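# Observations on the model geometry
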Amino acid sequence: MRLLTLLLGLSACSSSVPQVAEPAPVAADGPVIPQADDVRVAFFDTHFHNDTWFAVPVACVTQEGSVLGNEACAPKLTGQAATLPPGRTVLGGVTTVTCEATGARAMAVVAPIDEPLSWQATWGYLGQGLPSGWHLASRSRADDALLEPAMSALAGSGWPLSSDASGVQLDERLDLEGTRVLEAFAPSDDPEKPGHSALFLAGSDILPLPTAGLSLNGRVRTPGAFPVRNNGHILVLTSEWMGGSGVHAVHLSEDGPITIGEWACGT
């Protein structure tokens, strides 16, 4: 009886000891497969080619706050829900698209946009509803005293708006923790053309947003900006001219403006 009691006691003790799970095997030097849920938000330009709509990512922001361009971003997006102007869609497989007008190429994700609504397709973002923290641009007239120094600073900047343009209106679009984004616009004499624009960053000085790596043309708008954890904002731009359009992303980081990516297609 005493032996039976001892055996039962040992059995009870062993059953209460937590079992340690075996560590999962790790493949040496194996490929790192990106996970779609690594991406917090992505910004797209939509592109129509060979009877199919595609979403071309111009920038991604990961959950940790890393900023990715097109090639690093696109493989993470298959099967994710995205919001494009016609509504929500689930992104398909990754492919490469070509702009027939220029020969430019970019990685893209198939975006099954309904044909009756396809005329609305311009740009969109990963997820449903506006991304959390999104700074929606507004429009208010900037101080008239800023117009002259802004236009003087345009010389040699690469923006489609000329420094001697007439009829220019300067608006404040965003205030991102003290850095204001100003947008200058001059209408075209040709009613079929959308006019010309330039963007400025105004802090202690007012300077044109650098255009390196951006194919800007015609009318440039600022839909808004997205906060990057502990490191500035992604500024999203759209452009439109008589022969094409584009979506562009600039990281307003602690080190200054950095072009992340774009997809601009047209003549």
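Residues numbered from 1 in each chain as written. Predicted model: local features only at pLDDT ≥ 70, side-chain atom pairs only at ≥ 80, totals over all residues. Heavy atoms only, no water.

### What about the overall build of the protein?
Helices and strands together make up the secondary structure of the protein, namely three helices and 18 strands. Expressed as a percentage of the 267 residues in the protein, the buried residues total 42%. Within the protein, residue pairs in contact and separated by at least 24 positions form 53% of the contacts whose partners lie at least 6 positions apart. In the structure as shown, the protein presents an accessible area of about 14300 Å², 53% of it carried by carbon and sulfur atoms. (Helix = DSSP H or I, 4+ residues; strand = E, 2+ residues; numbered from the N terminus. Buried < 20%, exposed > 50% of the residue type's maximum accessible area, 1.4 Å probe, protein only. Contact = heavy atoms within 4.5 Å. Areas by Shrake-Rupley, 256 points an atom, 1.4 Å probe, with all protein chains shown as cover.)

### Quick notes on the pairing of strand 4 (residues 81-84)
Across four bridges, strand 4 lies against strand 5 (residues 87-90) in antiparallel orientation. Note on strand 5: the bridge partner recorded for Ala-82 is Thr-89. In this antiparallel pair of consecutive strands, strand 4 and strand 5, the connection spans two residues. When strand 4 meets strand 8 (residues 123-126), the two strands line up antiparallel, connected through two bridges. When the bridges of strand 8 are listed, Thr-83 appears paired with Tyr-125. (Pairing = 2+ DSSP bridges.)

### Focus: the state of the cysteines
As enumerated under the stated definition, the model contains two disulfides in all. With a sulfur-sulfur separation of 1.6 Å, Cys-60 is cross-linked through a disulfide to Cys-73. Separated by 13 residues along the polypeptide, Cys-60 in strand 2 (residues 52-62) and Cys-73 in helix 2 (residues 70-73) bring together distant segments of the chain. The two residues Cys-60 and Cys-73 agree in class, both being buried. Of note for the protein: the bonded cysteines, numbered N- to C-terminal, pair according to 1-2, 3-4. (Disulfide = S-S within 2.5 Å.)

### Some thoughts on the confidence of the model for the protein
Confidence in the prediction for the protein averages 85 pLDDT; 84% of positions are at 70 or higher. Long-range and interchain partners of residues 1-34, a stretch whose pLDDT sits below 50, account for one contact in this model, where long-range means more than four residues apart. (pLDDT = per-residue confidence, 0-100.)

### Considering the sheet that holds strand 12 (residues 179-186)
Each strand in a sheet pairs with another by means of backbone hydrogen bonds, the pair being arranged parallel or else antiparallel. Strand order in the open sheet formed by five strands is 10-11-12-13-14, and the pairing between neighbours is antiparallel. Of all strands in the sheet, those bounded by a partner on one side alone are strand 10 (140-141) and strand 14 (206-208). Bridging between strand 13 (residues 196-202) and strand 14 involves three bridges; their strand directions are antiparallel. Paired with Phe-200 across the bridge in strand 14 is Pro-208.

### Let's talk about the pairing of strand 6 (residues 94-98)
Where strand 6 meets strand 7 (residues 105-110), five bridges bridge the pair, whose relative direction is antiparallel. Residue pairing for strand 7: Thr-98 is matched across the bridge by Arg-105. Taken together, strand 6 and the strand that follows it, strand 7, pair antiparallel across an intervening segment of six residues, in which Gly-103 is found at a positive phi of about 85 degrees.

### Observations concerning the sheet that holds strand 16 (residues 233-241)
Taken in spatial order, the five strands of this open sheet run 9-15-16-17-18, and their pairing is antiparallel. The open sheet terminates on both sides in strands that have one partner only, identified here as strand 9 (135-136) and strand 18 (256-266). Looking at chain direction, strand 15 (residues 219-227) and strand 16 are connected through seven bridges and run antiparallel. Note on strand 16: the bridge partner recorded for Arg-221 is Thr-238.

### Some thoughts on the environment of Ser-132
Here Ser-132 is to be found in the loop between strand 8 and strand 9. Every residue in contact with Ser-132, bar those within four places of it in the chain, is listed here: Arg-40 and Phe-226.

### Some thoughts on the pattern of salt bridges
Per the stated rule, a full pass over the model turns up seven salt bridges. The salt bridge involving Arg-139 is made with Asp-171; its shortest N-O contact spans 2.8 Å. Of this pair, Arg-139 sits in the loop between strand 9 and strand 10 while Asp-171 sits in strand 11 (residues 169-176), and the two are 32 residues apart along the sequence. Of the residues examined, Arg-139 reaches a relative accessible area of 42% and is grouped as partly exposed. A relative accessible area of 4% means that Asp-171 is categorised as buried. Notably, a salt bridge pairs Arg-180 with Glu-172, separated by 3.4 Å at the nearest N-O pair. A relative accessible area of 25% places Arg-180 in the partly exposed class. Taken together, the salt bridges that share partners define one network made up of Arg-139, Asp-171, Arg-173, Glu-183 and Arg-219. (Salt bridge = Lys/Arg side-chain N within 4 Å of Asp/Glu carboxyl O.)

### Details of the nonpolar core
In this structure, Trp-159, Leu-161, Leu-170, Leu-182, Phe-200, Leu-209 and Leu-235 are the most contacted members of the largest nonpolar core, which totals 31 residues. Of all the elements in the fold, those that place two or more residues in this core are helix 3 (147-152), strand 11, strand 12, strand 13, strand 15, strand 16 and strand 17 (244-253). The contacts of Leu-235, once residues within four sequence positions are left out, are Leu-174, Val-181, Leu-209, Thr-222, Gly-224, Ala-225, His-248, Ala-249, Val-250 and Leu-252. Val-58, Phe-226, Ala-249 and Cys-265 belong to the second largest nonpolar core, which has 22 residues in total. (Core = buried A, V, L, I, M, F, W, Y, C linked by side-chain atoms within 4.5 Å.)

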